[in-house]
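Read off the chains here:
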Amino acid sequence: MQTIKRYVEENKQRFLDELLELLRFPSVSADPSYKEDVLNTADYVARKLTEAGAENVEICPTAGYPIVYGEKIIDPLKPTVLVYGHYDVQPADPLELWKTPPFEPTIRDEKIFARGACDDKGQFYMHVKAFELMVNSDSLPCNIKFMIEGEEEVGSSNLGIFVRANRERLKSDVVLISDTSMISLENPSLETGLRGLSYLEVEVTGPNRDLHSGVYGGAVANPATVLCQLIASLHDANNHIAIPHFYDDVLSLSEQERNSLNEAPYDEDEFKNDLGVKSLWGEQGYSTIERTGIRPTLEVNGIWGGYIGEGAKTVLPSKASAKISMRLVPNQQSDKITQLFKDHFESIAPDYVRVKVTPHHGGEPVVTPTDSVAYKAAEKAIEESFSKKPIPTRGGGSIPIVALFEAELGIKTVLMGFGLDSDNLHSPNEKFDIANYYKGIETIPLFHKYFAELSMEQN
C-alpha cells in the first residue's frame, strides 16, 4: 500500500492534468455534430493506454463509434480481468445552467466540474492510471484487458456485435467496471445490482397543422393537453405504475433483504436539502433506498410541443412529444416491458388524436453475486484502502452491457464505483471529487492483487 500511495503522490499532478485534458474533448455520442470530437477522444484514450504500458492497443471500428482495446498478458495461466468503461458523454444541455463551460474543466472546492468528469471519463481513467502504476512498479499480478467504448450513452448498440465477434480475444475471468457510485469516502460501498432500462419516445398528433388557439380552441383536441393526460394516467394514486401486467415479473426481496438494504446510511433531510425539495415522492410502501434501487420506475425525461420561443404565440400545436424511460428490476425484461407500454399507451389514446410509440434502446437488470472471488477481492481492496468494510448497495441506474457480458462471455461483473450520487450525472455542473479520483487509483491495484491471490487459492 505504501508503494501505491508513494507512486500516486509523486504523479498526482500529472494524473490530474491528463484527466483534465481528456475532459476537454466534447465526446457527445448522441449528437452527430460532435463526431470528430468523439473520434479524437478514442485516439487520446488509445494513446494513453499505450503510454501506460498496454500492448496490442487498437481502435476497433464499429458501425458507430469505435471501441478502444488494449491488453497486458503477463502469464496465460494467471487470471484475467476485463476492464470496461466508456469515453462518450451525455449532451451538456441546458448550457445556461452550467456555472462554467461543460468542456472547460474547472476545479472548485477540490472538485472537477465538467461533463463526463464522473460518468465515465474520470472513473475509467482511474483504471488506466492504476494500470500504469502496476506496470511501472513491476507489481501487475494478473492479466488485464481494456475495452473502452464510445456509445454507452446511446445504448451500446454496436457493443454486442463486437463482443460476439471477439469472444476469444475478450476471454477473461471477470469484468471490472467503475461507472457507479459509492455512498461516500467515509462510508464506502459496493453495488451488487443495477436496474434495467426501457427507453422510448411517444408522439401525439391532432390536427394536420398548428392552429390559432382562439379560432380552434375548444373545438379541436390539443395534443399537448392530451399527452399530459395520458402521461398522468401512467401512475395511480399510490404512485404505482398503472400499466397492466407491468409488475408481473418483478422479483420481490424478502423482509430480511429489505431490512439489510435499509441499513445503509441515509439522512432524509440531507437528501431533500441537497435536491432543494420540501418532500419526497414515490411508490407507497417502500423507503427511498428501496424506490431507487429495487423497485421499477417510469419517468418523463423530456416533453415538448407547440411554441416555446420568446414572447407569446397563441397556437394550438399539431403535435406534442415526450421521451420516457422505465427502470426495471429482476426479473423484468426490457423488450417485454417496451411492448406492454406500447400496447397500453396506444389503447388509452382517445380517437381525436393519433399516437406513435418509438422504442429507442433498453437493457436488462442484473444482480452480481456477493460470494464470488471477484466480489471478495473488491471487498478486501476497499477495506484495506478505506480501513472500513464496504456496504453492499443496489444501484438505481442501468449499465445494459453487464447482462451482455454474462450472456456472451459467461462471466460476472464487479461494480466498483468511486463516484457519488450527488455528482450531478447527466445534469448541468457534473463533478468528480479529486479525492475520489486519487482514491480509486489507490484502490484498484489492490483489487487486482487480491483477485489474483484468491483465484490462485481457489484453483
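This text follows the structure it describes.
Residues numbered from 1 in each chain as written. Predicted model: local features only at pLDDT ≥ 70, side-chain atom pairs only at ≥ 80, totals over all residues. Heavy atoms only, no water.

A. Just the packing of aromatic side chains, in detail. Under the definition given, this model contains 11 aromatic pairs. Residues Phe25 and Tyr44 carry aromatic rings whose centres are separated by 5.4 Å and whose planes lie at 45° to one another, so their mutual orientation is tilted. With Phe25 in the loop between helix H1 (2-23) and helix H2 (35-52) and Tyr44 in helix H2, the pair connects residues that are 19 residues apart, well separated along the chain. By relative accessible area, which is 1% here, Tyr44 ends up buried. Of the aromatic side chains, those joined through ring pairs into one cluster are Phe432, Tyr437 and Tyr438. Residue placement shows Arg108 over the ring face of Phe113; its charged tip is 3.9 Å from the ring centre. Stacked on the ring of Tyr450, the Lys or Arg Lys380 has its end atom at 4.8 Å from the ring centre. (Phe/Tyr/Trp six-rings, centres within 6.5 Å; stacked < 30°, edge-to-face > 60°. Helix = DSSP H or I, 4+ residues; strand = E, 2+ residues; numbered from the N terminus. Buried < 20%, exposed > 50% of the residue type's maximum accessible area, 1.4 Å probe, protein only. Lys NZ or Arg CZ within 6 Å of the ring centre and 35° of its normal.)

B. Representation of a negative patch on the surface in the model. On the surface, Asp267, Glu268, Glu270 and Asp274 cluster together into a negatively charged patch. With respect to the element layout, Asp274 can be found in helix H9 (residues 268-275). (Patch = residues over 30% accessible without salt bridge, like charges linked within 9 Å, V, L, I, M, F, W, Y side chains within 5 Å. Areas by Shrake-Rupley, 256 points an atom, 1.4 Å probe, with all protein chains shown as cover. Salt bridge = Lys/Arg side-chain N within 4 Å of Asp/Glu carboxyl O. Lys, Arg positive; Asp, Glu negative; His and termini not counted. Charge placed at Lys NZ, Arg CZ, Asp CG, Glu CD.)

C. Region of interest: H1. Across its 22 residues, H1 extends 29 Å between first and last C-alpha, which sits within 8% of the 32 Å expected from 1.5 Å per residue. Of all the bends in H1, the greatest measures close to 65° and is centred on Asn11. Listed as buried for H1 are Ile4, Tyr7, Val8, Asn11, Phe15, Leu16, Glu18, Leu19, Leu20, Leu22 and Leu23. Packed against the buried residues of H1 are H2, strand S4 (106-108), strand S5 (111-113), helix H3 (121-136) and helix H14 (434-458). (Expected span 1.5 Å × (residues − 1). Bend = angle between axes of the 7 residues up to and from the residue. Contact = heavy atoms within 4.5 Å.)

D. Fine view of the nonpolar core. In this structure, Tyr87, Met416, Tyr437 and Phe447 are the most contacted members of the largest nonpolar core, which totals 68 residues. Those elements that provide at least two residues to this core are H1, H2, strand S3 (80-86), H3, strand S6 (143-149), strand S7 (174-177), helix H12 (373-386) and H14. Looking at which element gives the most residues to this core, the answer is H14, with 11 residues. Not counting residues up to four positions away in its chain, the partners in contact with Met416 are Leu176, Ile177, Ser178, Thr180, Leu190, Ala378, Ile382, Ile444 and Phe447. (Core = buried A, V, L, I, M, F, W, Y, C linked by side-chain atoms within 4.5 Å.)

E. How the structure looks around the sheet that holds strand S11 (residues 297-305). The 4 strands are arranged S11-S13-S9-S14 in an open sheet whose pairing can be described as antiparallel. Single-partner strands in this sheet number two, and they are S11 and strand S14 (354-363). In this sheet, neighbouring strand axes are inclined to one another by 15° on average, regardless of whether the strands run parallel or antiparallel. Here S11 runs beside strand S13 (residues 319-328); their pairing, made up of 8 bridges, is antiparallel. Looking across to S13, one finds that Thr297 is bridged to Arg327. With respect to the sheet, helix H7 (residues 223-232) is in contact with strand S9 (196-205), S11, S13 and S14, its orientation differing from that of S13 by roughly 15°. Running over the sheet, helix H11 (residues 334-348) touches S9, S11, S13 and S14 and is turned about 170° from S14. (Pairing = 2+ DSSP bridges. Axes fitted to C-alpha atoms, helices over the stretch in contact; angles between N-to-C directions.)

F. Quick peek at the packing of H12 against H14. It is the contact of H12 with H14, at a shortest axis distance of 7 Å, that shows an interaxial angle of 135°. With respect to H14, the axis of H12 lies oblique. The two elements H12 and H14 meet at a crossing, and its hand is right-handed. Counting all contacts with H12, which are made through Val373, Ala374, Lys376, Ala377, Ala378, Lys380, Ala381, Ile382, Glu384, Ser385 and Phe386, the residues of H14 involved are Lys439, Thr443, Leu446, Phe447, Tyr450, Phe451, Leu454, Ser455 and Gln458. Split by residue class, the contact of H12 with H14 holds 12 nonpolar, 4 polar and 4 charged. (Parallel < 35°, antiparallel > 145°, perpendicular 65-115°, else oblique. Left-handed = near helix turned anticlockwise from the far one by under 90°. Nonpolar A, V, L, I, M, F, W, Y, C, P; charged D, E, K, R; others polar.)

G. Seen up close, a nonpolar patch on the surface. A cluster of nonpolar residues, Tyr266, Phe271, Leu275 and Val277, forms a patch on the protein surface that exposes about 330 Å² of accessible area. Inspection of the secondary structure assignment puts Phe271 in helix H9.

H. Representation of the side chain of Lys145 in the model. Along the chain, the position of Lys145 falls in strand S6. Among the polar contacts made by the side chain of Lys145, one reaches the main-chain carbonyl oxygen of Lys171 at a distance of 2.8 Å. (Polar contact = N/O pair within 3.5 Å; in protein donor to acceptor, adjacent residues only side chain to side chain.)

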